[in-house]
Amino acid sequence: MKPSQALAALLSQCIPSSLGAEFIQRPGPSQQGCHENTATRFTLPDPPYVNYFYSDCHSSSQVVVTSPLPSSDLALIQPRLLIAWPSGNSGIVSLFEPQSGVNGSLAISLRNSSSGNYLDPVYEPSGSSAPVVGVTGLVYFNASARLTVPILGSIRTIRDYVEGSGILVPSIQNAIQFSESEDGGVILSRLWLDSETTTTLSFTPSSSDSSAHANNRTIVLDAGEYTFRASFNYPQLEQLRPENILTKEAQYLFDEAPDQALALEFLSYTNKVLAGAWRFLTYFGRDSMISLLLLEPILATGNGSITEAGISALLERINRTDGTVAHEETIGDYATYLSLQQGVNSTAPQYDYKMIDTDYFLPIVLADYFIKNDVGKDRAAEILSRRPIENPANSKLTYGQLALLNAEKIMEATAAFAAPGGQVKENMIRLKPNQPVGEWRDSNAGLGGGRIPYNVNTALVPAGLRAVAALARAGFFPDHPGWAEEADKFAQVWEDETLRFFRVHVPREEARSLLDDYVSSNDLPFPSRSGDVQDDVTFYGLALDGQDEQSVVRVMNTDDCFRLFLINTTNQAQLSAFINQTADHLLQPFPLGLATDVGPFVANPAYGTAPFYASTFTNRDYHGTVVWSWQLAMMAAGLERQLGRCTAADGDAPEFCGDEALHDKVLAAYNRLWDVIEQNSPQLSGEVWSWRYEGGRFVPVPLGEYSPTESNIRQLWSLTFLAVRRNEGLRHQLRTTTW
């Protein structure tokens, strides 16, 4: 039997056959303490990865077992055991290779232990210091394996290695201690840079035919079964309980959609909501805010709720010097590492303030809770009077003062463009100097080198300004009473005057030629669809001032969703044209439009006029010709919002509602989008997915099959389909059309 055949046979036995909860145990209301029956466990297969989750009142853990498939690119996928902990954004990775040297012949898997579980807890109280916590389980190797790279300490360190072309830090790697235990096992341990925390990983033979050896910083595990134990002694987060995450009316989702609801629970803590498992087990501002907005109908509110945990985390981390909302936090061992790089011996958290979109999301979220939500209205004064405890740099300010700093920054940054005669490119919001990223397409090539992002300027800025105006009218900024009118006036200018800068118009014959050239020059396996181009092509490019002196980055995209979801524009001619081109792109198949069997691609470079477009936006690129779940959710919610204006109680329907052909096209786009969402339900809770083309169809493929940038099995903002549901009334309105 060939190695690949043996591997396939093993995988068929050891990978759980269905997506969902392995089993769930929860404490009853009268139970006290932390016992085995308080644990939550669930398993999420996503071959070549299998994800196991365990949490109780002591700690939370995620274990990812990677075993290459016969079809896997072995340069990217190798046998791996990874443990990730939300506390401290901490973790362990151990990468293996076959002792035989035959690449592709080694497979690993978890097996049920004597307790009947894949994972069991580690908990050892330790007096006045943090207890030792973690997980243990049985791991099986089908062949003798050599541990090639162990990393112990921080998820960020692991990401630097996995996504950073094998970056390893000598001061971290050289601190790993290798030893053998009296019971025949091997132990790896590392004291963190804080000189207090220790991470430990051990493998102990649990079958007579297995044995382990440690020699000269090398570990060899013979074929067989081992008990692994992964632990550390770092202060733990407190996970929110189900009633603090979902409303009473939405609690049924823990039974109806357990894999999604349990993932949301795994990411939810009393002091913050985490962005994704495993790569982003920490605070990310943008992710939190998009999730709070899309999940709002089902999220618990009030003191101790996920809503207030998310809002508090945002306000805690605002930059007190200029009001910038933090993008990402760096904590734990990696924070100490960065401090030492700066010549400071400190364990204090550090914050990333390079993004420009986070600033405009914040007032939208605050207005949504403090003005539109009845519970939030009553809670606003108490929340805004708090002082930060997570971020020591802000301890002398209240949340309200920090929110004011953010609003002042927004008003100052947007004034020039809103001023009479100020509607020029130079006054628009651009990426910060020497930063290649600044909004959600935050891979270095995600904006095609552009400096002035489409979504920020045409949607987030006016929506943020509308929110500042609403907060001012509600009395939240008493020192700036004029903002109630001024911010609205600013918003109107930004709504009406920014779209034209990003408009790309491609004459029909040029569009046909570009489509043919895109497919033929790049050896793509699907038809160009050039014969389907009946009219000129119009879309709004990703950004201005792009690579190779491109005035507009000519990439069709899904960022229209921001404007649809966040703004009820009143410029009727502009709205009709905008929503018409959006519907076209959702209905037209790629590369003519964005539509594919796996979902609308977030980028379509076919109309680019320079070679870098096709080479920059591929199915291997994080923000290339791939599908992002949360963009599907925001697009669906945005289209529903705009269609809902047609039957609004105030009777003030937009003009497109009265244009039967256009209204039907938008309705068809909404329903076509939902059809493909439903067809791809197994992918929806993940971060991003790619594709292969076979049998005349696009087939979903994990991005990690093509790229070292691995997709998270569960991403916070990809769980928004818990709340974003198809409007069946809009399905029933759909007439039989040619769309």
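Residues numbered from 1 in each chain as written. Predicted model: local features only at pLDDT ≥ 70, side-chain atom pairs only at ≥ 80, totals over all residues. Heavy atoms only, no water.

### Looking at the overall build of the chain
Working step 1: Secondary structure summary: the chain contains 21 helices and 31 strands in total.
Working step 2: A compact globule built from 739 residues would reach a C-alpha radius of gyration of about 27 Å, and the chain, at 26 Å, matches this within 12%.
Working step 3: Here the C-alpha coordinates of the chain stretch approximately 80 × 60 × 50 Å along the principal axes.
Working step 4: A total of 739 residues make up the chain; the buried ones form 59% of that total.
Working step 5: When contacts within the chain are restricted to residue pairs at least 6 apart in sequence, long-range pairs at least 24 apart make up 69% of them.
Working step 6: For the chain, the computed accessible surface area is about 27500 Å², with 48% contributed by carbon and sulfur atoms.
Working step 7: With 53 positive and 83 negative side-chain charges, the chain shows a spacing of 2 Å between the two charge centroids. (Helix = DSSP H or I, 4+ residues; strand = E, 2+ residues; numbered from the N terminus. Rg over C-alpha atoms; globule rule 2.2 N^0.38 Å. Buried < 20%, exposed > 50% of the residue type's maximum accessible area, 1.4 Å probe, protein only. Contact = heavy atoms within 4.5 Å. Areas by Shrake-Rupley, 256 points an atom, 1.4 Å probe, with all protein chains shown as cover. Lys, Arg positive; Asp, Glu negative; His and termini not counted. Charge placed at Lys NZ, Arg CZ, Asp CG, Glu CD.)

### So, the packing of aromatic side chains
Working step 1: A full pass over the atoms with the stated rule returns 42 aromatic pairs.
Working step 2: Aromatic side chains F526 and F698 sit 5.5 Å apart centroid to centroid with 40° between the ring planes, which places their arrangement in the tilted category. Taken together, the residues span a long stretch of sequence, with F526 in the loop between α15 (508-521) and β24 (537-540) and F698 in strand β30 (residues 697-702) at a distance of 172 residues.
Working step 3: On the accessibility criterion, F526 (4% relative accessible area) is buried.
Working step 4: Between the aromatic rings of Y540 and F578, the centroid separation amounts to 5.7 Å while the plane-to-plane angle is 40°, which identifies the pairing as tilted. You can see Y540 sitting in strand β24 and its partner F578 sitting in helix α17 (residues 572-587), a full 38 residues away along the chain. Each member of the pair, Y540 as well as F578, is classed as buried.
Working step 5: Of the aromatic side chains, those joined through ring pairs into one cluster are F361, W440, F562, Y622, W628, W630 and W717.
Working step 6: A cation over a ring is seen here: R317 above Y283, with NZ or CZ 4.8 Å from the ring centre.
Working step 7: Positioned above the aromatic ring of F578, the side-chain terminus of R563 is 5.8 Å from the ring centre. (Phe/Tyr/Trp six-rings, centres within 6.5 Å; stacked < 30°, edge-to-face > 60°. Lys NZ or Arg CZ within 6 Å of the ring centre and 35° of its normal.)

### Description of the nonpolar core
As a rule of thumb, soluble globular proteins bury nonpolar side chains together.
Working step 1: Within the largest apolar cluster, 190 residues are counted, with the highest numbers of intra-cluster contacts made by L264, L315, F562, L566, Y607 and W628.
Working step 2: With sequence-adjacent residues up to four places away left out, Y607 is seen in contact with V506, A511, L514, L515, V537, F539, R554, M556, P591 and L592.
Working step 3: Y118, L119, I219 and Y234 belong to the second-largest nonpolar core, a separate cluster that totals 37 residues. (Core = buried A, V, L, I, M, F, W, Y, C linked by side-chain atoms within 4.5 Å.)

### Focus on the state of the cysteines
Working step 1: Here the structure, examined in full by the defined rule, presents 1 disulfide.
Working step 2: Between the sulfur atoms of C646 and its disulfide mate C657 the distance is 2.0 Å. Given an S-S torsion of about -75°, the disulfide between C646 and C657 has left-handed geometry. Residue C646 is found in the loop between α19 (629-644) and α20 (660-679), and its partner C657 is found in the loop between α19 and α20; the two are separated by 11 residues along the sequence.
Working step 3: Distance from the sulfur of C561, which forms no disulfide, to the nearest cysteine sulfur (C646) is 19 Å. (Disulfide = S-S within 2.5 Å.)

### Re the layout of surface pockets
Working step 1: Empty space within the largest pocket amounts to approximately 940 Å³.
Working step 2: If you trace the largest pocket, you find 43 residues lining it, with R159, E163, K354, D442 and S443 closest to the centre.
Working step 3: Counting only elements with at least two residues in the lining of the largest pocket, the list comes to α2 (155-163), α6 (285-295), β20 (328-330), α8 (332-341) and β21 (350-352).
Working step 4: At 4 residues, the largest contribution of residues to the lining of the largest pocket is made by α2.
Working step 5: Looking at the lining of the largest pocket, its residues break down into 15 nonpolar, 14 polar and 14 charged.
Working step 6: Taken as a whole, the second largest pocket encloses approximately 730 Å³ of empty space.
Working step 7: As for the second largest pocket, its lining consists of 27 residues, and the residues nearest its centre are D368, K372, F565, L566 and R641. (1 Å grid on protein atoms, 1.4 Å probe; cavity = no way out; pocket = protein on both sides within 12 Å on 5 of 7 lines; lining within 4 Å. Points joined across faces, edges and corners; volume = space filled by probe spheres on them. Nonpolar A, V, L, I, M, F, W, Y, C, P; charged D, E, K, R; others polar.)

### Section: the environment of S443
Working step 1: Mapped onto the fold, S443 is located in the loop between α11 (399-418) and β22 (452-453).
Working step 2: In sequence terms S443 and D621 are 178 residues apart; their C-alpha atoms lie 8.6 Å from each other.
Working step 3: The contacts of S443, once residues within four sequence positions are left out, are V437, Y622 and H623.

### Some words on the sheet that holds strand β29 (residues 688-694)
Working step 1: On the basis of which strands lie adjacent, the open sheet formed by 3 strands has the order β28-β29-β30 and antiparallel pairing. With partners counted over all chains shown, the strands left at the sheet margins are β28 (627-628) and β30, one partner each.
Working step 2: Relative to β30, β29 is paired through 6 bridges, and the arrangement is antiparallel. Its bridge partner lying in β30, W689 is registered against P702. (Pairing = 2+ DSSP bridges.)

### Side note on empty space enclosed by the protein
Working step 1: The final tally for this structure, using the stated rule, is 7 cavities of 30 Å³ or more.
Working step 2: Estimates place the volume of the largest cavity at around 110 Å³.
Working step 3: Around the largest cavity, the lining residues are L292, L293, E296, L299, T301, T307, I311, V365, D368, Y369 and N373.
Working step 4: Those elements giving two or more residues to the lining of the largest cavity turn out to be α6, α7 (306-316) and α9 (358-370).
Working step 5: In terms of residue count, α9 provides more of the lining of the largest cavity than any other element does, 3 residues in total.
Working step 6: Partitioned by chemical class, the residues of the lining of the largest cavity number 6 nonpolar, 3 polar and 2 charged.

### Brief notes about α7
Working step 1: Of all 11 residues in α7, 11 are buried; the element is thus mostly enclosed.
Working step 2: Listed as buried for α7 are I306, T307, E308, A309, G310, I311, S312, A313, L314, L315 and E316.

### Regarding the confidence of the model for the chain
Working step 1: Residue-level pLDDT values for the chain average 93, and 94% of them are 70 or greater.
Working step 2: Note on residues 1-21: pLDDT is under 50 here. Beyond four places in sequence and across chains, it has 42 contacts. (pLDDT = per-residue confidence, 0-100.)

### Side note on the pattern of salt bridges
Working step 1: On inspection of all chains with the given rule, the structure shows 42 salt bridges.
Working step 2: With a shortest N-O distance of 2.6 Å, D488 and R473 are connected by a salt bridge. Here the residue D488 occupies a position in helix α13 (residues 483-497), and R473 occupies one in helix α12 (residues 454-473), the gap between them amounting to 15 residues.
Working step 3: Through salt bridges with shared partners, one network takes in R156, R159, E163, R279, E328 and E687. (Salt bridge = Lys/Arg side-chain N within 4 Å of Asp/Glu carboxyl O.)

### Some details on the side chain of S87
Working step 1: As for its placement among the helices and strands, S87 is situated in the loop between β5 (80-85) and β6 (90-98).
Working step 2: Given a relative accessible area of 3%, S87 falls into the buried group.
Working step 3: Contacts of S87, omitting those with residues within four sequence positions, involve F232, Y234, P235, Q236 and L237.

### What to know about the side chain of T558
Working step 1: If you trace the backbone, T558 turns up in the loop between β26 (556-557) and α16 (560-566).
Working step 2: When neighbours within four sequence positions are excluded, T558 is seen to be in contact with R441, L594, P600, F601, V602, Q631 and M635.

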